[in-house]
Amino acid sequence: MASMALLLHVIRRHLLVPCLESVLINIADMKDDRGLRVAAQGVRLIIPTAYVFTAERLLESQLRVGTADNDINAIKSGGYLPQGYHVMRRISDSDRWFV
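Definitions and cut-offs
Residues numbered from 1 in each chain as written. Predicted model: local features only at pLDDT ≥ 70, side-chain atom pairs only at ≥ 80, totals over all residues. Heavy atoms only, no water. Helix = DSSP H or I, 4+ residues; strand = E, 2+ residues; numbered from the N terminus. Contact = heavy atoms within 4.5 Å. Polar contact = N/O pair within 3.5 Å; in protein donor to acceptor, adjacent residues only side chain to side chain. pLDDT = per-residue confidence, 0-100.

So, the environment of histidine 14
Relative to the helices and strands, histidine 14 resides in the loop between β1 (10-11) and α1 (17-28). Residues histidine 14 and tryptophan 97, 83 residues apart in the sequence, show an inter-C-alpha distance of 8.5 Å. Ignoring any residue separated from it by four or fewer positions in sequence, one finds histidine 14 in contact with Cys19, Tyr51, Asp95 and Trp97. In terms of polar contacts, histidine 14 uses its side chain to reach the side chain of tyrosine 51, at 3.4 Å.

Here is the structure:
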C-alpha cells in the first residue's frame, strides 16, 4: 500500500488572485531532494471566516474577479482547486490561509 504525504502550504498574506495563483504555481513547481519535479497540486483552499465571501468570488466566478476584462477565471476553469474551499472557524488569524 502506497503512503500518501500531506502538504500544507501556509500563507500569511491577503487572499487575492495574484497571491493564490502564485501559491498554486509554487506547489506545481515543487521538486524533491534530488531536484526532480514531483506531481503536487493544490486540492483545497482552507480559510478563516473572514475570507468566506472572497473565496466564493475567487473560486466560483466564471470570469476574473475585480476587473472589467472578460478573461476567464483560470483557477476555476483549470480545476486547480478541485475540492474548492473549506471554512475553518478555529483559525484565529484572519490573514492566514492554507492550500
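Once the structure has been displayed, the description carries forward.
Looking at the confidence of the model for the protein
Across the protein, the average pLDDT comes to 85, with 88% of residues at or above 70. When pLDDT is averaged over each helix and strand of the protein, the minimum, 62, is found for β1 and the maximum, 96, for strand β3 (residues 85-87). Scored below 50 in pLDDT, residues 1-6 makes 0 contacts in the model with residues more than four places away or belonging to other chains.

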